[in-house]
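Examining the three-dimensional arrangement
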Amino acid sequence: MHLLFAHPGTPPEEWVAALRAALPEHHVSIWNPNAPATGADVALVWKPPANLFTHETQLKTIFNLGAGVDAVLALPTFPADARLIRLEDAGMAVQMAEYVLFALARASRDFDVYDAQQRAGQWQPAPGTLRADWPVGILGLGRIGLQVAQTLATLGYDVAGWSRSGRDDVAGMTSYAGAEALPAFLARTRVLVNVLPLTAETRGFIDASVLAQLKSGAHVINVGRGESLVEKDLLAALASGQVAGASLDVFETEPLPQDHPFWRDARVHITPHVAARTLLEESIAQIASKVRALAAGQPITGIVSRDRGY
Ligand code: NAP
Ligand code: GLV
């Protein structure tokens with residue numbers, strides 16, 4: 001196979017060296033839009049420019065260097081007959097569990113209060129909190145959502161998860177499946193964690209209606225995609241007090257515009273889309289093993305359904 005590395009946002013040398021070391025029997029090139037097409041049949045991409053697919057017309061297998069495939073599927077040039085394969089965990093799930101646990105603890109254990117006290121030179125223990133008062137609901141129980149759920153359940157949080165098909169194999173987690181179960185899931189949830197992929201169905205999903213159904217004084221943790229959360233509805237819910245705070249890693253527009261009200265609201269914690277980063281070693285190992293399987297005519301997992309969008 002001839003593999004092409006096309007990740008315009010990152011220096012290619014380290015990735016390509018690792019790829020060549022892992023797959024010495026295959027040819028590896030770096031995409032150069034100013035050079036003639038390489039004729040590669042496999043590409044590794046992250047947020048590629050649309051002209052990649054009009055330039056490199058032999059591509060049949062595309063490895064996405066991330067879990068979410070919304071950006072690549074949104075390209076009008078993405079070839080209709082190409083196979084799209086996403087990263088499955090590859091070291092991202094544990095990072096996400098860590099991020100969500102941190103945000104949850106900050107919200108539920110008064111850590112913001114103590115930060116403010118420290119700045120004011122105050123020593124004033126608060127009455128303390130109970131996990132039972134902070135039921136967590138996770139939207140999306142895929143490779144990442146499941147690890148988040150398992151981690152929080154192991155620590156004794158009251159955890160529920162919601163997905164299209166449901167999961168009954170996570171000890172300590174209550175599973176809710178499908179649209180009919182959503183109201184019951186939201187009604188028991190105070191901390192809403194979004195780990196859904198961005199698809200036609202999940203775009204704008206967390207809106208005023210969803211936020212209103214959460215327990216009062218809710219906290220929203222969005223680590224999925226920014227376009228799944230209607231930001232103006234979150235601002236309204238913060239203004240009314242229905243939502244008491246938010247921890248947001250992803251936004252409708254990235255980078256978050258300088259004049260966005262989130263920057264100036266102390267109840268909103270912002271990170272620049274770093275909740276779970278793509279790790280070179282784990283990602284190359286996973287992709288190399290799938291390339292070897294494909295070359296041997298064996299089945300692989302992680303193939304994106306174009307119909308579902310994830
Ligand atoms: P995944 O394994 O494909 O899991 C997706 C989950 O969402 C599945 O449980 C699926 O339900 C559920 N789902 C999808 N559409 C649904 C719908 N319409 N209604 C109900 N449930 C629905 O994905 P993943 O690997 O866990 O990754 C999830 C997302 O995290 C990625 O797509 C990406 O957007 C985001 N992400 C963000 C970062 C970051 O740094 N912020 C890093 C990595 C990933 P079924 O199980 O029933 O199919
Ligand atoms: C990052 O956002 C990813 O989807 O992997």
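Rules and cut-offs
- Residues numbered from 1 in each chain as written.
- Chains lettered and ligands numbered in written order.
- Predicted model: local features only at pLDDT ≥ 70, side-chain atom pairs only at ≥ 80, totals over all residues.
- Heavy atoms only, no water.
- Near = heavy atom within 4 Å.
- Polar contact = N/O pair within 3.5 Å; in protein donor to acceptor, adjacent residues only side chain to side chain.
- Areas by Shrake-Rupley, 256 points an atom, 1.4 Å probe, with all protein chains shown as cover.
- Nonpolar A, V, L, I, M, F, W, Y, C, P; charged D, E, K, R; others polar.
- Core = buried A, V, L, I, M, F, W, Y, C linked by side-chain atoms within 4.5 Å.
- Buried < 20%, exposed > 50% of the residue type's maximum accessible area, 1.4 Å probe, protein only.
- Helix = DSSP H or I, 4+ residues; strand = E, 2+ residues; numbered from the N terminus.
- Domains from an automatic or database assignment.
- Contact = heavy atoms within 4.5 Å.
- Expected span 1.5 Å × (residues − 1).
- Salt bridge = Lys/Arg side-chain N within 4 Å of Asp/Glu carboxyl O.
- Pairing = 2+ DSSP bridges.
- Axes fitted to C-alpha atoms, helices over the stretch in contact; angles between N-to-C directions.
- Buried area = accessible area lost by both parts, 1.4 Å probe.

**Considering the site of ligand 2**
Around ligand 2, the neighbouring residues are Trp46, Gly66, Ala67, Gly68, Met92, Arg225 and His273. Between ligand 2 and arginine 225, the relevant distance is 2.8 Å, taken from an oxygen atom to a side-chain nitrogen or oxygen of the residue. In the complex, the protein chains occlude 88% of the 190 Å² of accessible area that ligand 2 would expose alone. Residues belonging to the shell around ligand 2 are distributed by class as follows: three nonpolar, three polar and one charged.

**Concerning the nonpolar core**
With 52 residues, the main nonpolar core has Leu44, Ile138, Leu152, Val193 and Val223 as its most contacted residues. When residues in this core are grouped by element, the largest group, nine residues, is from helix α4 (residues 92-108). Split by domain, this core shows at least three residues from each of two domains, domain 1 (2-89 + 278-295) and domain 2 (92-270). Not counting residues within four places of it along the chain, the set of residues in contact with isoleucine 138 comprises Gly145, Val148, Ala149, Leu152, Val159, Ala160, Gly161, Trp162, Phe185, Val193 and Val195.

**A short note on helix α10 (residues 280-295)**
Here α10 contains 16 residues, and its C-alpha end-to-end distance of 22 Å stays within 8% of the 22 Å for a straight helix at 1.5 Å per residue. What α10 keeps buried is the set Ser283, Ile284, Gln286, Ile287, Ala288, Lys290, Val291, Ala293 and Leu294.

**Overview of the pattern of salt bridges**
Evaluated as defined, the whole model comprises eight salt bridges. Between arginine 188 and aspartate 158 there is a salt bridge, with the nearest N and O atoms lying 3.0 Å from each other. Of this pair, arginine 188 sits in the loop between α7 (182-187) and β9 (191-194) while aspartate 158 sits in the loop between α6 (143-154) and β7 (159-163); the two residues are 30 residues apart in sequence, bridging distant segments of the chain. Notably, a salt bridge pairs aspartate 265 with arginine 267, separated by 2.8 Å at the nearest N-O pair. By relative accessible area, aspartate 265 is classed as buried at 15%. When salt bridges with common partners are traced through the structure, they connect Glu88, Arg143 and Lys290 into a single cluster.

**With respect to the sheet that holds strand β12 (residues 268-270)**
Sheets are built from strands that pair by backbone hydrogen bonding, the pairs being arranged parallel or antiparallel. With parallel pairing, seven strands are arranged side by side in an open sheet as β8-β7-β6-β9-β10-β11-β12. Single-partner strands in this sheet number two, and they are β8 (173-177) and β12. The mean angle between the axes of side-by-side strands here comes to 15°, regardless of whether they run parallel or antiparallel. Relative to strand β11 (residues 243-248), strand β10 (residues 218-222) is paired through five bridges, and the arrangement is parallel. From the neighbouring strand, asparagine 222 faces β11, where its bridge partner is leucine 248. Of the strands in this sheet, β10, β11 and β12 touch helix α9 (residues 231-240), which is tilted by about 140° from β11.

**Description of the domain arrangement of the protein**
Split into domains, the protein comes out as domain 1 (2-89 + 278-295) and domain 2 (92-270). Each of domain 1 and domain 2 has a C-alpha centre, and the two are 32 Å apart. Taken residue by residue, the interface counts eleven residues in domain 1 and seven residues in domain 2. Taken together, both faces of the contact between domain 1 and domain 2 bury some 830 Å²; the carbon and sulfur share is 49%. Counting across the domain 1 and domain 2 interface gives four residue pairs in polar contact (both at pLDDT 80 or more). Here the residues of the side of domain 1 that touches domain 2 are counted per class, giving four nonpolar, three polar and four charged.

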